[in-house]
Amino acid sequence: MRWFALLFLLCSTAAVAAPESPPRGTSRKKPKAPPREASPESSPRPAPTKPAEEKETKPAEEKELRYSLALAGGAFYGGGFNRGPQGSVQLTLTPPGWGRFSIDVELGWRLARFQSNVPGAGVGVSAMHSLPLLAVGRMNLVKMKYLGVDVRVGVGPLLVLHHLSSNFSESSVRSALGWELLAGAQLRFPLGAIEPFLDGRVGLGEAYIPFVTGRSTGVQGLLGVRYHLP
C-alpha cells in the first residue's frame, strides 16, 4: 500500500511539471519580430532637384530695340519780344535692357518776330528762326497704366537764322551756330500705340549774331502726340 501511494504521488508530480502540448491539428504561433527601424544609410535618398533658373524671362519688349516718333507744337517766352511759336520732332530710342531709360533725338523750330516803325522811313520787320538739334536723355519716373512722367535733359547745336526786311532797304539774312541746353519733364497719357503728352522745359543757349540781341531760348511749353512704331 505504501509503495502504491508513493508511485501515485510521483505520477501526479510528473503530470503537473510537464508542458501542455498544443491540440492536434494546430501549430504554435511564433511571436512577431519587432519592426526594424530604417537607418539613414538604408533609406532611399531623395532625387536631386534641378536648380531654379537664375535668369528670369524678360518681356519681349525688353529684348529688342523700341522706338517711337512724336510731333509737338507750342510756344516759348524768353523775355521782351523774344516770344513766339515753336515745334518739335522727337525720335525716341530704347535699347534692350535699358528699362526706364531712353534716348531722344529732337529737332526743334522756334520763331521770334517783331516789327517797328522807323520815323520818316517806314516799317522794319525782324524775324529770328532757331533750329536746335538735341541729344536728350530720358528717365521714366512714374509708370502707370494711363499715366507716365519722364524727366529729360539734353544738349546740342543751335542754328539761328535772322531775317531783316523793311520797305526802305533791302532785306538781309544772317546766320550763326551756337549751343543749347534744355531740362524739363513730359506728362504722358498712354493709349496703346498712340500717346498724347504735355512737355514743359527750360532752355538755355546762345548763338551770336552781330547787332542782334534776340534770344530764342527760355520757358517752353508744348502739346504733342507720340506713336510707338511696331
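A few points on the structure.

Reading the values: the criteria
Residues numbered from 1 in each chain as written. Predicted model: local features only at pLDDT ≥ 70, side-chain atom pairs only at ≥ 80, totals over all residues. Heavy atoms only, no water. Helix = DSSP H or I, 4+ residues; strand = E, 2+ residues; numbered from the N terminus. Buried < 20%, exposed > 50% of the residue type's maximum accessible area, 1.4 Å probe, protein only. Contact = heavy atoms within 4.5 Å. Pairing = 2+ DSSP bridges. Phe/Tyr/Trp six-rings, centres within 6.5 Å; stacked < 30°, edge-to-face > 60°. Lys NZ or Arg CZ within 6 Å of the ring centre and 35° of its normal. Salt bridge = Lys/Arg side-chain N within 4 Å of Asp/Glu carboxyl O. Core = buried A, V, L, I, M, F, W, Y, C linked by side-chain atoms within 4.5 Å. Axes fitted to C-alpha atoms, helices over the stretch in contact; angles between N-to-C directions.

## Describing the overall build of the protein chain
Helix and strand counts for the protein chain stand at one helix and eight strands. Within the protein chain, buried positions represent 28% of all 230 residues. Long-range contacts, defined here as pairs at least 24 residues apart, represent 60% of the contacts in the protein chain between residues at least 6 apart.

## So, the pairing of strand β3 (residues 101-118)
Note: strand β2 (residues 83-94) against β3, eight bridges, orientation antiparallel. Across the sheet, the residue bridging to glutamine 86 is arginine 110, located in β3. Where β2 folds back onto β3 in an antiparallel hairpin, the turn is made up of six residues, including glycine 97, whose phi is positive at roughly 85°.

## Focus: the packing of aromatic side chains
Counted under the stated rule, the structure contains one aromatic pair. Relative to phenylalanine 114, the ring of phenylalanine 81 lies with its centre 5.3 Å away and its plane at 25°, an arrangement referred to as stacked. Note that phenylalanine 81 is positioned in the loop between β1 (66-77) and β2 and phenylalanine 114 in strand β3, a separation of 33 residues in sequence. Using a relative accessible area of 54% as the deciding quantity, one classes phenylalanine 81 as exposed. Against the face of phenylalanine 76 rests arginine 110, its NZ or CZ located 6.0 Å from the ring centre. Over the face of the ring belonging to phenylalanine 197 we find arginine 226, whose NZ or CZ atom lies 4.7 Å from the ring centre.

## Structural notes on the pattern of salt bridges
Summed over all chains, the structure comprises eleven salt bridges. One salt bridge in this structure joins aspartate 199 and arginine 152, with 3.4 Å as the shortest N-O distance. Taken together, the residues aspartate 199 in strand β7 (residues 194-206) and arginine 152 in strand β5 (residues 148-166) connect sequence positions 47 residues apart. Given the relative accessible area of 4%, aspartate 199 is considered buried. Between arginine 188 and glutamate 195 there is a salt bridge whose closest N-O contact spans 2.7 Å. The same class applies to arginine 188 and to glutamate 195, which are both buried.

## Digging into the nonpolar core
If you look at the biggest cluster of nonpolar residues, it comprises seven residues: Met128, Leu158, Val160, Ala176, Ala207, Ile209 and Val212. Residues in contact with valine 212, not counting those within four places in the same chain, are Met128, His162 and Arg174.

## Considerations on the pairing of strand β4 (residues 122-143)
Summarising the sheet, β3 and β4 pair through 16 bridges and their orientation is antiparallel. Its bridge partner lying in β4, leucine 111 is registered against histidine 129. The turn linking β4 back onto β5 is made up of four residues.

## Remarks on the environment of glutamate 206
Tracing the backbone through its elements, the reader meets glutamate 206 in strand β7. For the pair formed by glutamate 206 and glutamate 180, sequence separation is 26 residues and the distance between their alpha carbons is 6.6 Å. Excluding residues that lie within four positions of it along the chain, glutamate 206 makes contacts with Leu158, Gly178 and Trp179.

## Quick notes on the side chain of aspartate 150
One can find aspartate 150 in strand β5. In this structure aspartate 150 comes out as buried when scored by relative accessible area, which is 3%.

## A word on the sheet that holds β4
Strand-to-strand pairing in sheets goes through backbone hydrogen bonds, with the strands running parallel or antiparallel. One closed barrel accounts for eight strands, arranged β1-β2-β3-β4-β5-β6-β7-β8; its pairing is antiparallel. The sheet shows a mean angle of 25° between the axes of neighbouring strands, taken without regard to direction. Alignment of β1 against β2, held across twelve bridges, turns out to be antiparallel. Paired with glycine 73 across the strands is glycine 87, a residue of β2.

## Thoughts on the side chain of serine 68
Looking at the element boundaries, serine 68 is found in strand β1. We classify serine 68 as buried; its relative accessible area is 3%. With residues near it in sequence (within four places) discarded, serine 68 still touches Gln90, Leu91, Thr92, Arg226, Tyr227, His228 and Leu229.

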